[in-house]
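Structural features, examined
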Amino acid sequence: MDDWNQAASLLRSARFAVALTGAGISSESGLDTFRGGGGLWKKFPPERYATLSAFRRNPERCWEFFLELGRLIERAEPNRAHRILAAWEARGLLKAVITQNVDGLHQRVGSRRVVEFHGSHRRLECLACGAGAEAPAAGETREAPRCSCGAVMKPAAVLFEEAIPARALEEAQRLSEACDCLLVIGTSAAVVPASHIPGAVRAPRPARPGGGAVIEINPEKTFLGASDAALRAPASEALSRLDSLIQEETGQSWNLPKASPA
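These numbers were taken from a predicted model, which means no experiment stands behind them. (Residues numbered from 1 in each chain as written. Predicted model: local features only at pLDDT ≥ 70, side-chain atom pairs only at ≥ 80, totals over all residues. Heavy atoms only, no water.)

1. Things to note about the pairing of strand β8 (residues 213-217)
When you tally the buried positions in β8, you get 5 out of 5 residues, the bulk of the element. Of the two faces of β8, the one lined by A213, I215 and I217 and the one lined by V214 and E216 are each fully buried. In the classification by handedness, the crossover that spans strand β7 (residues 181-185), the intervening helix α10 (residues 197-202) and the parallel β8 is right-handed. (Buried < 20%, exposed > 50% of the residue type's maximum accessible area, 1.4 Å probe, protein only. Helix = DSSP H or I, 4+ residues; strand = E, 2+ residues; numbered from the N terminus. Right-handed = clockwise from strand over helix to strand, strands pointing away.)

2. Considering the nonpolar core
Ranked by size, the top nonpolar core spans 34 residues in total, and within it W88, L183, I185, I215, I217, L239 and L242 carry the most contacts. The set of elements that each furnish at least two residues to this core consists of α1 (3-13), β1 (17-21), α7 (80-91), β7, β8, β9 (229-231) and α11 (235-250). Residue contributions to this core peak at 6 residues, all from α11. When neighbours within four sequence positions are excluded, I185 is seen to be in contact with A19, L20, T21, G22, I25, L85, I217, A235 and L239. The next biggest cluster of nonpolar side chains, apart from the first, holds 27 residues, and it includes L40, L72, A76 and V102. (Core = buried A, V, L, I, M, F, W, Y, C linked by side-chain atoms within 4.5 Å. Contact = heavy atoms within 4.5 Å.)

3. Details of the side chain of E116
Structurally, E116 is set in strand β3 (residues 114-116). The exposure class of E116 is buried, given its relative accessible area of 18%. Side chain to side chain, E116 and Q107 meet in a polar contact 3.1 Å long. Once residues within four sequence positions are removed from consideration, E116 is found in contact with T99, G104, Q107, R122 and A168. (Polar contact = N/O pair within 3.5 Å; in protein donor to acceptor, adjacent residues only side chain to side chain.)

4. Points about the pairing of strand β6 (residues 153-157)
Most of β6 sits out of view: 5 of its 5 residues are buried. Pairing between strand β4 (residues 119-126) and β6: 4 bridges, direction antiparallel. The residue bridging G119 from the neighbouring strand is A157, located in β6. (Pairing = 2+ DSSP bridges.)

5. A short note on the sheet that holds β6
Pairing is antiparallel in the open sheet, where 3 strands are placed in the order β5-β4-β6. Of all strands in the sheet, those with a lone pairing partner are β5 (132-134) and β6, marking the two edges. Within the sheet, the average angular offset between the axes of one strand and its neighbour, ignoring direction, is 40 degrees. Its contacts with the sheet put helix α6 (residues 59-75) on β4 and β6, and the angle it makes with β4 is roughly 145 degrees. (Axes fitted to C-alpha atoms, helices over the stretch in contact; angles between N-to-C directions.)

6. Description of unusual backbone geometry
Cis geometry marks the peptide bond from V192 to P193, where omega comes out at 5 degrees. Here P193 lies in the loop between β7 and α10. You will see that E161, though not glycine, has its phi angle at about 80 degrees, which is positive. Exposure remark for E161: the relative accessible area of 55% places this residue in the exposed category. The backbone phi angle of A189 is positive, close to 60 degrees, even though this residue is not glycine. Following the sequence through the fold, A189 ends up in the loop between β7 and α10.

7. Description of the pattern of salt bridges
Under the defined criterion, the tally for this structure stands at 10 salt bridges. A salt bridge links R123 to E134; its shortest N-O distance comes to 2.8 Å. In this pair, R123 sits in strand β4 while E134 sits in strand β5, placing the two residues 11 residues apart along the sequence. Judged by its relative accessible area of 34%, R123 falls in the partly exposed class. What emerges from the salt-bridge pattern is a single network uniting R113, E171 and R174. (Salt bridge = Lys/Arg side-chain N within 4 Å of Asp/Glu carboxyl O.)

8. Concerning the environment of R123
Separated by 13 residues in sequence, R123 and P136 have C-alpha atoms that sit 8.4 Å apart. One polar contact links R123 to E134, side chain to side chain, over a distance of 2.8 Å.

Any functional reading would require information beyond the geometric quantities listed.
So this is what it looks like as structure tokens:
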């Protein structure tokens, strides 16, 4: 059995499938991966713009990076890969999405159980008092917003040197323990601790003595290592092909959801 049919078989027979998504799934929506040739780190070196210490030293300078990221997110539309994952969740083929992305594109096509592992760019948080607020549109302010307590607020996206939000970490751990088939889509599997999730799925559990299966979807080889099926194609192409195989094998058909406004 080739990897494509193996992946379709694993997903179709899974009791609790979960997707782990990274920047690669959103690159087809116009959001370049951070580390790629046209990535944001070329223009905004992370050590100057995207660490917690850099934000504390100069929040106004870091806000330049947040504004640029916000503009890119506002222009982006969910692509076919996002829509297929939402359709699979609606059909019960997929139980949840753990995403390293902060763009909210999964939610815009109806994915309901989404763990934002690295936080969200759509909300603000105050590092002084802990208050939260909705983030302004990218064109509404060129200065870092202020909290009612007077401190500068930052997007609720996880910066370097920041911990993963406790609630997201706990939910990802619960999903990893329940998961018997993990789709790793568009991520290099190099960033800790998200990179630990595939290993947690593979680990034997009482409910799955042989460990869970891992399907990798990425055009290029990553740091993931061994997988049960490696699909070397962009996310939309790979998920479209898998979707067709599953519909053919089950004799069922379904429509893909449309995106809601940003």
